[in-house]
Amino acid sequence: MSGLLERLRGRGWRMTSQRRVVAEVLDGDHVHLTADEVHARAARRLPEISRATVYNALGELVALGEVVEVSTDGRAKRYDPNAYRPHQHLVCSGCGIIRDVHPTGDPLSGLPADERFGFAVSKVDVTYRGLCPACT
């Protein structure tokens, strides 16, 4: 059983066949699929799965904190199942593919204290952009 499926079972998420196939489609280190891509892949495994069921399952997974919605440059939202390991994203400006990256060091160290304006900063989102090998 995958890490995502194990976590969902541990949380008591009711594992219908439709929910299971959505979780299986999302499982992986660098998976950042749109809802339509999740539906297309799920439908190959379970042809009767509806788009509404996929959207509902994705919404529940986001609400549970098991999947993170990622939005970049006005493109369709993507769903990242790597919700527990801190990481940043590398985004292709051409095709929109997203990869997880794990830079070393504390990202807050790049923001000097006098530039925090008294904020108690709790999270840093860094997005690296460029062209993937297929787009160069």
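Below or above, wherever it landed, is the structure these notes cover. (Residues numbered from 1 in each chain as written. Predicted model: local features only at pLDDT ≥ 70, side-chain atom pairs only at ≥ 80, totals over all residues. Heavy atoms only, no water.)

1. Some points on the packing of helix α2 (residues 17-26) against helix α3 (residues 35-45)
Consideration 1: Put simply, α2 and α3 touch, their axes get as near as 9 Å, and they point 120 degrees apart. Put simply, α2 runs oblique to α3. Between α2 and α3 the crossing geometry is right-handed. Residues V21, V22, E24, V25 and L26 of α2 form the contact with α3, whose own contacting residues are V38, R41, A42 and R45.
Consideration 2: Across the contact of α2 with α3, the residue classes tally to six nonpolar, no polar and three charged. (Axes fitted to C-alpha atoms, helices over the stretch in contact; angles between N-to-C directions. Helix = DSSP H or I, 4+ residues; strand = E, 2+ residues; numbered from the N terminus. Parallel < 35°, antiparallel > 145°, perpendicular 65-115°, else oblique. Left-handed = near helix turned anticlockwise from the far one by under 90°. Contact = heavy atoms within 4.5 Å. Nonpolar A, V, L, I, M, F, W, Y, C, P; charged D, E, K, R; others polar.)

2. Some details on the sheet that holds strand β4 (residues 88-92)
Consideration 1: On the basis of which strands lie adjacent, the open sheet formed by three strands has the order β5-β4-β6 and mixed pairing. Each edge of the open sheet is held by one strand with a lone partner, namely β5 (98-101) and β6 (127-130). Between one strand and the next, the sheet's axes are offset by a mean angle of 25 degrees, whatever the strand orientation.
Consideration 2: Across four bridges, β4 lies against β5 in antiparallel orientation. Considered in β5, the bridge of L90 is made with R99. (Pairing = 2+ DSSP bridges.)

3. A short note on α2
Consideration 1: Along α2, the residues that are buried comprise R19, V21, V22, A23, V25 and L26.
Consideration 2: Of the surrounding elements, those touching the buried residues of α2 are α1 (3-10), β1 (33-34), α3, α4 (51-64) and β3 (78-80).
Consideration 3: Two residues or fewer past α2, G28 is found with a positive phi of approximately 150 degrees. (Buried < 20%, exposed > 50% of the residue type's maximum accessible area, 1.4 Å probe, protein only.)

4. So, a nonpolar patch on the surface
Consideration 1: On the surface, L111, F117, F119 and V121 cluster together to form a nonpolar patch covering roughly 420 Å² of accessible area.
Consideration 2: Inspection of the secondary structure assignment puts F119 in the loop between β5 and β6. (Patch = residues over 30% accessible without salt bridge, like charges linked within 9 Å, V, L, I, M, F, W, Y side chains within 5 Å. Areas by Shrake-Rupley, 256 points an atom, 1.4 Å probe, with all protein chains shown as cover. Salt bridge = Lys/Arg side-chain N within 4 Å of Asp/Glu carboxyl O.)

5. A word on unusual backbone geometry
Where the residue is not glycine, phi is negative for most of them; where a peptide bond is considered, it is trans in most cases.
Consideration 1: One non-glycine residue, F117, lies in the positive phi region at around 50 degrees.
Consideration 2: Among the secondary structure elements, F117 is positioned in the loop between β5 and β6.
Consideration 3: Relative accessible area serves as the criterion here: at 65%, F117 is assigned to the exposed category.

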